[in-house]
Amino acid sequence: MSLIDNHLAIFDPVTDLDLAERYLTDWPRDTQGKARVILRPRTAEEVADIVRICASAAIPIVPQGGHTGLVAGAVPSADGTEVVVSLERLNRIREVDAANFSMTVEAGCILANLHAVAAEHERLFPLSLGAQGSCQIGGNVATNAGGINVLRYGMTRNLVLGIEAVLPDGQIWNGLRKLHKNNTGYDLKQLFIGSEGTLGIVTAVSLRLFPKPTQVETAFLAVENAAAAVALYGLARRDLSDLLSAFELIGHFGLELAQEATPDLRHPLESKSSHYVLMEASASGLVDLAALMQRFLEGAIEAGHVLDGTVAANSTQAGALWRIREDLVEGQARRGRHLRTDVSVPISDIASFLAKTDAALAATEPRAIPVAYGHIGDGNLHYNVLPPAGMAEDDKPAFLKRCEQVVYAALPEFGGSISAEHGIGRAKRDSYLKGLAPAEKALTEGMKRVFDPQGIMSPGRLFEA
Ligand SMILES: Cc1cc2nc3c(=O)[nH]c(=O)nc-3n(C[C@H](O)[C@H](O)[C@H](O)COP(=O)(O)OP(=O)(O)OC[C@H]3O[C@@H](n4cnc5c(N)ncnc54)[C@H](O)[C@@H]3O)c2cc1C
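Residues take numbers from 1 onward in each chain, read along the sequence in its written order. Under the rules for a predicted model, residues below a pLDDT of 70 receive no local features and side-chain atom pairs below 80 are neither given nor counted, while totals for whole chains, interfaces and linings still include all residues. Where side-chain values are given, they derive from all heavy atoms of the structure, hydrogens and water being excluded.

K.L.:
Explanation requested: the packing of aromatic side chains in the structure shown.
P.N.:
Geometry of an aromatic ring pair is reported as the spacing of the ring centres plus the angle between the planes. The pairing test for Phe, Tyr and Trp rings, Trp by its six-membered ring, is centres within 6.5 Å, and the orientation test on the planes gives stacked under 30 degrees, edge-to-face over 60, and tilted for anything in between. Per the counting criterion, the structure on display carries 7 aromatic pairs. Ring geometry for F353 and Y383: centres 6.5 Å apart, planes at 80 degrees, overall edge-to-face. Separated by 30 residues along the polypeptide, F353 in helix α12 (residues 350-364) and Y383 in strand β17 (residues 380-386) bring together distant segments of the chain. A single burial state applies to F353 and to Y383, both of which are buried. Here F353 and F414 contribute two aromatic rings whose centre-to-centre distance is 6.1 Å and whose plane-to-plane angle is 85 degrees, an arrangement assigned as edge-to-face. Note that F353 is positioned in helix α12 and F414 in the loop between α13 (396-409) and α14 (429-435), a separation of 61 residues in sequence. We count a stretch as a helix when DSSP gives it H or I for four or more residues in a row; a strand needs E for two or more, and each element gets its number in order from the N terminus. We call a residue buried when its accessible area falls under 20% of the maximum for its residue type, exposed when it is over 50%, and partly exposed in between, using a 1.4 Å probe and counting protein chains only.

So this is what it looks like as structure tokens:
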């Protein structure tokens, strides 16, 4: 054991091989890594000590949250050189300031636990995603996570008031302000949001809170096609008085996949349609939300945008509708290795993008099985592809890469993005770097050099190693 490893050993490394396994792979289990050592510090000061020791010998580090990321960012590299720093033990709530509509929490707090803490104070922390029972707020910040409520509350970027981070030389930067307005020079915290562990390790965050909704209306609606869903979205934004909080497109095949994962999940409508919308509006205060929803639905049916539908009568029914959206992700995972994308286009181009990509995929890879769904209000689509049944495991990576190229090829025409929310990691690095304009690339690389001149933070993610 080297002197450096002796120094790191005081931070209670994970030595149990069975336990270590879960730090070496991610949720989809597509990528497997090896670590020099896995450490689980308890304080920001311990994180700083670890980073200082690693920096003294230029040892690469990868921070790890709940390992639910979908772009192979948190998994250590296969060569076993990286030190994994898990933030799971930094899980204290430092402060809830309900009057300021803010709370300050450590990076390892599980997202669903933060929802509960906010609710205890009659507040809402609106970031909401399928992985919320496992992902950590530090990981959400590092990936600038999106989820289902972005159309109303914005991405994680809009929800962060301040950050505490350990820089790649081991200094602790305390940017933990809880101000709603602060217009003093460069907004450094924003650089950490979405930086995927490449600029430093986030150890705590101040978060923006909102009034806790006291009324929620959830509806599952059949629509004729994606164009009808987009038209319906426009109507909902107008009629629901900006109280719309989620608007998801789900194809019929997506519903079947959800039922594969959860056989007791029933189709909420009598009739089958090719496309459905799962939408939610929420409000606190004196608004009569149920009446607003009813008027909106009457108008939507009259305009021909809705073919059939149901409105949840209570939170149990609403939960059952949301399970369709959540379990369709699990249903895809059960089909094995597949292509996951999270592209975005302007909302007005969603239907054209889908039609064009469906046609291009059918022409070039006719055996591909597309599963397209997503956050209509953000123009964010998960245009995923399953390989055909029976395809040999060894053939899948190349097949799915070709499918990915077809999906990405349609984006430039619409000014689209290859990543609306999952980030770049290692999985999308080459496509991301190829798409950067020269000036953008120079600024991005320059920024990395300023923060991390030795290149020890998460090498190979976003940038080439
Ligand atoms: C079922 C399912 C549904 C999902 N739905 C969504 C969705 O709707 N929207 C969405 O945006 N994403 C979604 N995701 C992706 C994922 O949940 C998010 O990217 C999440 O923010 C990752 O958090 P994590 O704690 O698991 O991070 P990890 O996976 O552990 O890490 C992700 C990246 O952040 C870095 N990192 C982690 N913690 C820190 C830290 N404290 N400081 C610095 N860097 C750090 C890692 O090095 C890595 O690069 C989903 C994933 C699953 C499995």
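K.L.:
Hey, could you run me through the site of the ligand in this one?
P.N.:
For the ligand, the set of nearby residues contains 35 residues, the closest of which are P63, G65, G66, T68 and G69. We call two N or O atoms a polar contact when they sit within 3.5 Å, provided that within protein one can donate a hydrogen and the other can accept it, with sequence-adjacent residues counted only if both atoms are side-chain atoms. One of the backbone N or O atoms of H67 is found 3.0 Å from an oxygen atom in the ligand. A distance of 2.8 Å is found between an oxygen atom of the ligand and a side-chain nitrogen or oxygen belonging to T143. Note that accessible areas follow from Shrake-Rupley with a 1.4 Å probe, and for residues the cover is restricted to the protein chains shown. Relative to its unbound accessible surface of 970 Å², the ligand loses 95% to contact with the protein. Contributing elements (two or more residues each) for the shell around the ligand: β2 (61-64), α5 (137-143) and β9 (201-208). Ranked by residues supplied to the shell around the ligand, first place goes to α5 with 5 residues. Throughout this entry, Asp, Glu, Lys and Arg are counted as charged residues, while Ala, Val, Leu, Ile, Met, Phe, Trp, Tyr, Cys and Pro are counted as nonpolar. The remaining residues, Gly among them, count as polar. Taken together, the residues of the shell around the ligand sort by class into 15 nonpolar, 18 polar and 2 charged. Domain delimitation follows an automatic or database domain assignment. In this structure, the shell around the ligand is formed jointly by two domains, domain 1 (3-86) and domain 2 (93-211), each of which donates at least three residues. Summary of the distance rule: residues count as near a molecule or strand when at least one heavy atom falls within 4 Å of that molecule or strand.

K.L.:
Is there a simple way to explain the sheet that holds strand β16 (residues 369-375) in this structure?
P.N.:
Across a sheet, paired strands are connected by hydrogen bonds in the backbone, their directions being either parallel or antiparallel. Strand order in the open sheet formed by 7 strands is β14-β11-β13-β12-β16-β17-β15, and the pairing between neighbours is antiparallel. Taken across any chain shown, the strands that pair with only one partner, and hence form the sheet edges, are β14 (308-311) and β15 (343-344). Bridging between strand β12 (residues 244-251) and β16 involves 2 bridges; their strand directions are antiparallel. Directly across from E248, in β16, lies its bridge partner H375. Think of it this way: DSSP has to see at least two bridges between two strands before they count as a pair.

K.L.:
Whenever I open this one, the nonpolar core confuses me. Can you help?
P.N.:
In globular proteins that are soluble, nonpolar side chains generally tend to be buried together. By size, the foremost hydrophobic cluster in this structure holds 57 residues, and its most contacted members are L232, L240, F247, M279, F296 and F353. A total of 8 residues in this core trace back to one element, the largest contributor, which is helix α8 (residues 226-239). Each of domain 3 (215-334) and domain 4 (343-431) accounts for three or more of the residues forming this core. Those residues in contact with L232 that lie beyond four places of it in its chain are L221, V223, F247, V277, F296, A300, H305 and V306. Residues enter a nonpolar core if they are buried and are Ala, Val, Leu, Ile, Met, Phe, Trp, Tyr or Cys, with the set joined through side-chain atoms within 4.5 Å. Core analysis: the next-biggest nonpolar cluster, separate from the first, contains 28 residues, A118, C135, V141 and V202 among them. Residues are treated as being in contact if the distance between any of their heavy atoms lies within 4.5 Å.

K.L.:
Explanation requested: the side chain of K428 in the structure shown.
P.N.:
With respect to the helices, strands and loops of the structure, K428 is situated in the loop between α13 and α14. Since its relative accessible area comes to 4%, K428 is described here as buried. A distance of 2.5 Å separates the side chain of K428 from the side chain of D342, its partner in a polar contact. Once residues within four sequence positions are removed from consideration, K428 is found in contact with V71, D342, Y408, I418, S419, H422 and G423.

K.L.:
Whenever I open this one, the sheet that holds β2 confuses me. Can you help?
P.N.:
Reading across the sheet, the 3 strands line up as β1-β3-β2 and stay open at both edges, with parallel pairing between neighbours. Both edges of this open sheet fall to β1 (37-39) and β2, since each of them pairs with a single strand only. Across the sheet, the mean angle from the axis of one strand to that of its neighbour is 20 degrees, orientation sign disregarded. Pairing between β1 and strand β3 (residues 83-86): 3 bridges, direction parallel. Residue pairing for β3: I38 is matched across the bridge by V84. The axes used here are C-alpha line fits, helices contributing only the stretch in contact, and every angle between their N-to-C directions lies in the interval 0 to 180 degrees.

K.L.:
When you look at the domain arrangement of the protein chain in this model, what are you seeing that I'm missing?
P.N.:
Split by domain assignment, the protein chain resolves into domain 1 (3-86), domain 2 (93-211), domain 3 (215-334) and domain 4 (343-431). Centre-to-centre, using C-alpha coordinates, domain 1 lies 22 Å away from domain 2. Contacts between the two partners involve 15 residues from domain 1 and, on the opposite side, 15 residues from domain 2. Computed with a 1.4 Å rolling probe, the buried area is the accessible surface lost when two parts are put together, summed over both parts. Interface area, domain 1 with domain 2, both sides summed: about 1,100 Å², of which 71% is carbon and sulfur. In what follows, salt bridge is the name for a side-chain nitrogen of Lys or Arg lying within 4 Å of a carboxyl oxygen of Asp or Glu. At the boundary of domain 1 with domain 2, the tally comes to 0 salt bridges. Counting the contacts that link domain 1 with domain 2 gives 1 residue pair in polar contact (both at pLDDT 80 or more). Counting only elements with at least two residues in the side of domain 1 that touches domain 2, the list comes to α3 (44-56) and β2. It is α3 that provides the largest number of residues to the side of domain 1 that touches domain 2, a total of 7 residues. The class makeup of the residues in the side of domain 1 that touches domain 2 is 9 nonpolar, 4 polar and 2 charged.

K.L.:
I keep staring at the side chain of D327 and nothing clicks. Help me out?
P.N.:
Following the sequence through the fold, D327 ends up in helix α11 (residues 315-334). D327 gets classed as buried once you look at its relative accessible area, which sits at 13%. In this structure, D327 is in contact with L257, A258, A261, T262 and L265, ignoring residues within four places of it in sequence.

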